[in-house]
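Listed below, chain by chain, are the residues.
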Amino acid sequence: MKSIGIIVPCYNEAAVLPLFYKETTAVMDALADRYQTEFIFVDDGSRDETLKRITELSMTDARVKYISFSRNFGKEAAMLAGMEYAVKHDYICIIDADLQHSPSIIPQMLDYVENQGFDVAASRRADREGEAKFKSFLSGSFYKVINKISETKISDSAQDFRVMKRDVVKAILSMPEHNRFSKGIFSWVGFNVKWISHENRERAAGETKWSLKGLLKYAIDGILGFTFAPLKLTFFSAGLLCLFSVVGLLYALIKNIAVEGYAPNLPLTLAAVFFTGAVILCSIGILGEYLARTYTEVVNRPKYIIAKTNTNVNHFTLEGE
Ligand code: UDP
Ligand code: MG
């Protein structure tokens, strides 16, 4: 009998959790003769009754484990905590709590990794229907850019919904970075991946946690975490500027010789100064972004803090508990 750990990152998902549990346990119960299932709900500092819902479930179902963070650390940290605990299983599944990822395809995913020689079975969005046009456009452009400039190829439609063999999770856990851009990490470790097309379902209840600001941060983390290309931009603009100034200088020199009493005028000079300043500031900004990331890696803070759990993982306890 093989075992599977199902990791569910949850942030304010109280409304949808009972639905999720019902649908997912139905799928896993049908496989009970072949797989031993454990659920790992990672409560990412929810402010609603998410933790209460999960503890209720854990009281009636011994397969339900929870890891509850002391605050919101983000989905990446939640997936990481889940994987660190679940790496003891033969197979590890990551799935969203909102039922946008259909639990019904887990058996198919398991079949690919167990019987068909794949190490990972991951879902890929068949379409972007049901998503705001603007969001689709922005993410589409982001993936175009990152795939142009980064060696780690990241699929536009790849989702975090996947079943992985233990070794793949071990490889993922061997990556120590704090700025965890999972799509990049999943792709970077490689292995034999089977992509499964998956219709984009509407969220069953509750609302999306992604804001424009959050997505922008995600995009910047992805680009800076997986490529140094923006640094090259600095050299490129420096070169371009040099060329401009040589042309400008030659122009001024020649005109100065040809036209009596000519002096380069003030607006031209100012424009040049501003432009140079802008490029320098931009370059410093890019350097700063990398430096800030180096800083977070160097101080090596924990990637999350567990306040409560019914697992045996180390966690902070309040005095007297
Ligand atoms: N999530 C999380 N921490 C966060 C944001 C989201 O654990 O800070 C979880 C959330 O509960 C859900 C999954 O990540 O299970 C995907 O989030 P969401 O459905 O809001 O994103 P979307 O599907 O709209 O991209
Ligand atoms: Mg969702």
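Note: the structure precedes this text.
The rules behind these values
Residues numbered from 1 in each chain as written. Chains lettered and ligands numbered in written order. Predicted model: local features only at pLDDT ≥ 70, side-chain atom pairs only at ≥ 80, totals over all residues. Heavy atoms only, no water. Donors = N, O, S within 2.8 Å, 3.2 Å for Na, K, Ca; no water. Buried < 20%, exposed > 50% of the residue type's maximum accessible area, 1.4 Å probe, protein only. Pairing = 2+ DSSP bridges. Helix = DSSP H or I, 4+ residues; strand = E, 2+ residues; numbered from the N terminus. Axes fitted to C-alpha atoms, helices over the stretch in contact; angles between N-to-C directions. Contact = heavy atoms within 4.5 Å. Polar contact = N/O pair within 3.5 Å; in protein donor to acceptor, adjacent residues only side chain to side chain.

This part takes up the coordination of the magnesium ion (ligand 2). Protein-derived ligands of the magnesium ion (ligand 2) are Asp98 (OD) and Gln100 (OE1), with the metal-ligand distances lying across 1.9 Å. On the accessibility criterion, glutamine 100 (24% relative accessible area) is partly exposed.

Read across the open sheet, the 8 strands follow the order E7-E5-E6-E4-E1-E2-E3-E8; overall the sheet is mixed. The sheet terminates laterally at strand E7 (193-198) and strand E8 (306-309), the two strands that pair on one side only. Each adjacent strand pair in this sheet contributes to an overall mean axis angle of 20°, direction not counted. Judged from the 9 bridges that link them, strand E1 (residues 2-10) and strand E2 (residues 35-43) form a sheet pairing that is parallel. Bridging from a neighbouring strand, cysteine 10 pairs with aspartate 43 of E2. Where helix H2 (residues 50-60) meets the sheet, its contacts fall on E1, E2, strand E3 (64-69) and E8, and the angle it forms with E3 comes to roughly 155°. Across the sheet, helix H6 (residues 166-173) is in contact with strand E4 (91-94), strand E5 (120-125) and strand E6 (158-165); its angle to E6 comes to roughly 120°.

Checked against the element boundaries, aspartate 160 lands in strand E6. Classification of aspartate 160 as buried rests on a relative accessible area of 8%. A distance of 2.8 Å separates polar atoms of two side chains, one belonging to aspartate 160 and the other to lysine 75. For aspartate 160, the residues in contact, after removing those within four places along its chain, are Lys75, Met79, Ile94, Ser182, Lys183 and Phe186.

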